[in-house]
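Now for the letters of each chain:
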Amino acid sequence: MSADLVLAHGLVANADGRRVAHVVVDGGRIADVVDAGQPVPEAARVIDATGLVVMPGGVDGHCHIAQTTGPYTTLDDYATTTTAALHGGTTTVLDFGIPAHAGETPLAAALGKLDLAAAARCDVALHASVVEWDETVPGQLEELAARGIRSVKLYTTNRGTTMADGDTVLRTLREMARLDGLAYVHAEHDEIIVDCTQRHADAGEIGIAELPRTRPELAEEASVREVLALAEYTGAGVYFVHQSTPGAVDLVTAARLGGQAAFSETCPHYVALDSSVYAGPLPEFYACCPPMRDPETVAGLRERLLGGAVDTVASDHSCYSLDQKREHTDDIRQMPHGLPGVETRLPVTFTQMVGEGLDGLEDFVSVFAAAPARLNGLRGKGAVAPGYDADLVLVDPAAVRAVDGAALHMGTDFSPFEGLRLRGWPTAVVAGGRVVLDRDGFHDPGPAGRVLEQAPLSEALSWGPLGAPATESHAARSTR
Ligand SMILES: [Zn+2]
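A few points on the structure. Not measured: the values here are computed from a predicted model.

**Digging into unusual backbone geometry**
With an omega dihedral of -5°, the bond running from C289 to P290 counts as a cis peptide bond. Of note, P290 is situated in the loop between α9 (268-272) and α10 (295-306). With a phi angle near 35°, H242 is a residue other than glycine that sits in the positive phi range. Along the chain, H242 turns up in the loop between β13 (237-240) and α8 (246-257). Of the residues examined, H242 reaches a relative accessible area of 2% and is grouped as buried. A positive phi is found at D316, a non-glycine position, where the angle reads about 55°. Relative to the elements of secondary structure, D316 occurs in the loop between β15 (312-313) and α11 (322-326).

Written out as structure tokens, the structure reads:
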């Protein structure tokens, strides 16, 4: 019997090791991984992967798609975000259902996103979000968990839009512990940031160049400390998004050593860029929270990433156009904050983590695909092994290309990484067994993405470093 596809003679890289092998794809799944000493199995199509790295498709746990925050809405939808993700070797993205205004419930926000997800080109999953507590929230979270949405985003800052107050954070953490789910937390101490920003505004220093000074590292670390205490008190699993300082990562490491289910995410921009960008000619390219940190902090964060203390690297993809960014460069309080990045996560992170001799490759695969699949409870994702979904990326590790924002596919017109020379651009991408990118270009699979359900946190944490294979019931339970 002939398989659908074979990737022959590639260096197959997983979070736990590498070997030269043939990857056999059939029916949308990985049917086998055959030692390269064996003949190439028969298939309808064979792609020669000699000299290429074959790794699991990326899982980006942190993307904001068509998100409204205050007066701004991000510019891309599910079709553009997932198309850009596939171009960048990411085959699963997680978005957030965040209430856009007072009165929108967590359930309504999440269900609205499920409707939009029908246009997805790759598999997707969703985090819910709680901004305001009321007595209906536990029932809503229960209903969401029953639909396989078992993670919830909380913001400790952004007063007036997405911030949850301390009581709401505590009660939501308690519910997530009860429902065996995970809390995703944007941790920045709101009172410090509000005060620090006001003092800068009073001094007339409130333009984009001042951004890093208005959001001190202390504000991030103070909030991480506080949320870790609430998580310990309630017994909830907690995942800190976009950690930007070594001190914040170290707090999570210490909590984990103390027995807490605590996890650390950073983003490509916090390790590849530093605060000197705000003194450059285009500071508006870098309006995001937290801001890029000073070079010493960045070096410390990079050390934590390379040393294995950071669990995942996610994009925090948020597409605003330069026009939107430039409306209020004289007042950061009114600017839309967030950077496009779902398409560049692979090459930026690969260049940071993988040496010319391919040292660090397994650790890269872990933060790029395996760990985000596992921590988000996604079966069938994050490994090149029999029984996993056939989501695969081929990378020529020797090829170097500079970032050209105009050639990218995200719903915006710039890249914060413009001009950076990077290794790790995908040469071919397979999603759900379909070749969606190869030397001939992009082959749009249409709205083929499924909405994935998340396993309970305790179950996901019992999986090994490669996560868990797909199951038939898992496929049947997918919404589409
Ligand atoms: Zn975010």
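So that's the structure; there's more coming.
**A closer look at the coordination of the zinc ion**
Only H62 (NE2), H64 (NE2) and D316 (OD) from the protein coordinate the zinc ion, and they sit 2.1 Å from it. Mapped onto the polypeptide sequence, the residues donating to the zinc ion form the spacing pattern H-x1-H-x251-D. Placement of the pair is H64 in the loop between β6 (58-60) and β7 (68-69) and D316 in the loop between β15 and α11, with a sequence separation of 252 residues. With a relative accessible area of 10%, D316 lands in the buried category.

**A short note on the nonpolar core**
Nonpolar side chains in soluble globular proteins generally cluster together in the buried interior. Core analysis: the biggest nonpolar cluster contains 100 residues, and M55, F240, F350 and F364 have the highest contact counts within it. At six residues, helix α13 (residues 361-375) tops the list of elements feeding residues into this core. Summarising the domain contributions, this core has at least three residues from each of domain 1 (3-56 + 386-397 + 422-477) and domain 2 (58-375). Listed in part, the 25 residues of the second largest apolar core include V12, A21, I30 and V435.

**Here's the deal with the pairing of strand β16 (residues 392-395)**
Here β16 shows no split at all, with L392 and L394 on one side and V393 and V395 on the other all buried. Both strand β5 (residues 53-56) and β16 contribute to a ladder of four bridges, which runs antiparallel. Looking across to β16, one finds that P56 is bridged to L392. Bridging between β16 and strand β19 (residues 426-431) involves four bridges; their strand directions are antiparallel. Among the inter-strand pairings, V395 is bridged to a residue of β19, identified as P426.

**Concerning helix α7 (residues 217-234)**
Given a rise of 1.5 Å per residue, 18 residues ought to cover 26 Å, and the 26 Å separating the end C-alpha atoms of α7 matches this to within 8%. Just beyond α7, the residue with positive phi is G235, at close to 80°.

**Comments concerning the pattern of salt bridges**
Summed over all chains, the structure comprises 24 salt bridges. Notably, a salt bridge pairs D95 with K113, separated by 2.8 Å at the nearest N-O pair. One end of the pair, D95, is in strand β9 (residues 90-96); the other, K113, is in helix α2 (residues 106-116), with 18 residues separating them in the sequence. Within this structure, R29, D123, K381, D389, D391 and R450 form a network of salt bridges that share partners.

Criteria and cut-off values
Residues numbered from 1 in each chain as written. Predicted model: local features only at pLDDT ≥ 70, side-chain atom pairs only at ≥ 80, totals over all residues. Heavy atoms only, no water. Helix = DSSP H or I, 4+ residues; strand = E, 2+ residues; numbered from the N terminus. Buried < 20%, exposed > 50% of the residue type's maximum accessible area, 1.4 Å probe, protein only. Donors = N, O, S within 2.8 Å, 3.2 Å for Na, K, Ca; no water. Core = buried A, V, L, I, M, F, W, Y, C linked by side-chain atoms within 4.5 Å. Domains from an automatic or database assignment. Pairing = 2+ DSSP bridges. Expected span 1.5 Å × (residues − 1). Salt bridge = Lys/Arg side-chain N within 4 Å of Asp/Glu carboxyl O.

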